[in-house]
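In case you want the letters, here they are:
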Amino acid sequence: MTNYNIRYSGNGIAQWLNGFRDKWDDFYLSERWAFDKIGSIKKTFGRVLDVGCGMGGLGQAISSRYPLKEYHGVDINAQVIARARTKQSRFKVPVKLQCCDILKVRGLHKGSYDTVFSLSCADWNIETKAMIDRCWQYVKPGGFFVISLRLSPEKGINNIKKSYQPFEWNDKGKPTEIANYVVFNVREFFRMVEAFKPRPLNVYGYGYWGTPSKTAVTPYKKLVFGVVIVQKTDVHAKKMTIASQMNFPLDLYD
């Protein structure tokens, strides 16, 4: 780990999220599948930690259909968090919003959240693996870690010089903020999940082939855009084999 994540500071993300991704239908099909999957298992999302929370819209969208006990959002962009706080009164549950890198945040307790989300977050920064590991630490036994990601049967990449996406430009059209565009080899990703400590109990996945954004600079012509849910072993569980239910295209494993 290099202990280095990009601290995004521009206003572009805040403008993009203003009035967007705060309603159920604003989220991708794969994300809504994940919400319903957890809802079908637990009926409630309990205490939620949203890593890369943006304007906090995820909490609003989920609470429109499922109960929450508490929503805690963390985002590295100060402007986004400032705007999110102006919308905090929309929540009917206790809300806490922090501006910080998840690898440096203070005040979070390991194993204390029922559901931890990383949607369009860990795979858009530098320390992707460390961020995933940290998210897993915050999941309580029996709880869920939900991550969106890009998958490929080809070799993965985490190199912002070779795979990136600009998302904010100056008046001359020159990019002023660039995000890392991380892609996982599908087999390597699930080997990483299998090695989680404590060991997962269940793993669920859903995704579909798509093409990278036109503004993305990446060697991949197509990718599977998916969401994976990893359930942490309960303290009383005796089950040793990790069960999985995957809804990915078969040729992803070619």
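Scoring rules and cut-offs
Residues numbered from 1 in each chain as written. Predicted model: local features only at pLDDT ≥ 70, side-chain atom pairs only at ≥ 80, totals over all residues. Heavy atoms only, no water. Helix = DSSP H or I, 4+ residues; strand = E, 2+ residues; numbered from the N terminus. Rg over C-alpha atoms; globule rule 2.2 N^0.38 Å. Buried < 20%, exposed > 50% of the residue type's maximum accessible area, 1.4 Å probe, protein only. Contact = heavy atoms within 4.5 Å. Lys, Arg positive; Asp, Glu negative; His and termini not counted. Charge placed at Lys NZ, Arg CZ, Asp CG, Glu CD. Core = buried A, V, L, I, M, F, W, Y, C linked by side-chain atoms within 4.5 Å. Salt bridge = Lys/Arg side-chain N within 4 Å of Asp/Glu carboxyl O. Phe/Tyr/Trp six-rings, centres within 6.5 Å; stacked < 30°, edge-to-face > 60°. Disulfide = S-S within 2.5 Å. Polar contact = N/O pair within 3.5 Å; in protein donor to acceptor, adjacent residues only side chain to side chain. Arc of directions from axis to C-beta.

Draft legend 1. Here's a closer look at the overall build of the chain. Tallying secondary structure elements over the chain gives six helices and 11 strands in all. In terms of overall size, the chain behaves like a compact globule, its C-alpha atoms giving a radius of gyration of 17 Å where 254 residues would be expected to give roughly 18 Å. On the principal axes, the C-alpha backbone points of the chain span a range of 60 × 50 × 35 Å. The buried share of the chain, taken over its 254 residues, is 54%. At a minimum sequence separation of 6, the contacts of the chain that also span at least 24 residues come to 74%. Distance between charge centroids for the chain: 4 Å, based on 38 positive and 22 negative side chains.

Draft legend 2. Geometry of the environment of Arg134. Within the element layout of this structure, Arg134 appears in helix α5 (residues 128-138). Considering only alpha carbons, one finds Arg134 and Lys110, 24 residues apart in sequence, at a separation of 8.9 Å. Discounting residues that sit within four places of it in the chain, Arg134 has contacts with Ile102 and Leu103.

Draft legend 3. Geometry of the nonpolar core. One finds Ile102, Val116, Phe145, Leu151, Phe189 and Val228 to be the most contacted residues of the largest nonpolar core, which totals 38 residues. Counting residues per element, the ones that place at least two in this core are β1 (46-51), β4 (113-118), α5, β5 (139-152), α6 (186-194) and β10 (223-232). No other element matches the six residues that α5 contributes to this core. Among all residues touching Ile102, those that are not within four sequence positions of it are Val51, Val74, Leu108, Met131, Arg134 and Tyr138. With 27 residues, the next largest nonpolar core counts Phe27, Ile38, Phe45 and Leu68 among its residues.

Draft legend 4. Structural detail: the pattern of salt bridges. Enumeration according to the criterion identifies eight salt bridges in this entry. The partner of Lys23 in a salt bridge is Asp22, with the nearest N and O atoms 2.9 Å apart. The class for Lys23 is partly exposed, based on a relative accessible area of 42%. For Asp22, a relative accessible area of 13% puts it in the buried group. The partner of Lys23 in a salt bridge is Asp26, with the nearest N and O atoms 3.4 Å apart.

Draft legend 5. Quick peek at the packing of aromatic side chains. According to the stated counting rule, one finds 15 aromatic pairs in the structure shown. On the basis of an interplanar angle of 20° and a centroid distance of 6.3 Å, the ring pair of Phe45 and Phe117 is categorised as stacked. Of this pair, Phe45 sits in the loop between α2 (29-42) and β1 while Phe117 sits in strand β4, and the two are 72 residues apart along the sequence. Judged on exposure class, the residue Phe45 and its partner Phe117 are both buried. Seen from their ring centres, Trp124 and Tyr181 are 5.6 Å apart, and the 85° between their planes marks the pair as edge-to-face. Of this pair, Trp124 sits in the loop between β4 and α5 while Tyr181 sits in the loop between β7 (175-180) and β8 (184-185), placing them 57 residues apart in sequence.

Draft legend 6. View of the state of the cysteines. If you walk through the whole model with that rule in mind, you get zero disulfides. We note that Cys53 lacks a disulfide partner, and the nearest cysteine sulfur, in Cys121, lies 9.0 Å from it. The exposure class of Cys53 is buried, given its relative accessible area of 6%. As a non-bridged cysteine, Cys100 has Cys99 as the owner of its nearest cysteine sulfur, 7.2 Å distant.

Draft legend 7. Broad picture of unusual backbone geometry. Here Lys197 and Pro198 are connected by a cis peptide whose omega angle stands at -5°. Mapped onto the elements, Pro198 comes out in the loop between α6 and β9 (200-210). For Lys43, which is not glycine, the phi torsion reads 75° and is therefore positive. Positionally, Lys43 belongs in the loop between α2 and β1.

Draft legend 8. The side chain of Gln231, seen in detail. Inspection of the secondary structure puts Gln231 in strand β10. Its relative accessible area of 7% is what places Gln231 among the buried residues. Polar contacts involving the side chain of Gln231 include one to the main-chain carbonyl oxygen of Gly142, which spans 3.2 Å. Not counting chain neighbours up to four residues away, the residues in contact with Gln231 comprise Lys42, Trp136, Gly142, Gly143, Phe144, Pro200, Leu201, Asn202 and Tyr204.

Draft legend 9. Here's a closer look at α6. Listed in full, the buried residues belonging to α6 are Val186, Phe189, Phe190, Met192 and Val193. Along α6, the residues classed as buried sweep out an arc of 150° about the axis, all on the same side. Residues of α6 that are buried make contact with α5, β5, β8, β9, β10 and β11 (243-247). Among the residues of α6, the N-terminal cap falls to Asn185, whose side-chain oxygen and the backbone nitrogen of Arg187 are separated by 3.0 Å.

Any functional reading would require information beyond the geometric quantities listed.
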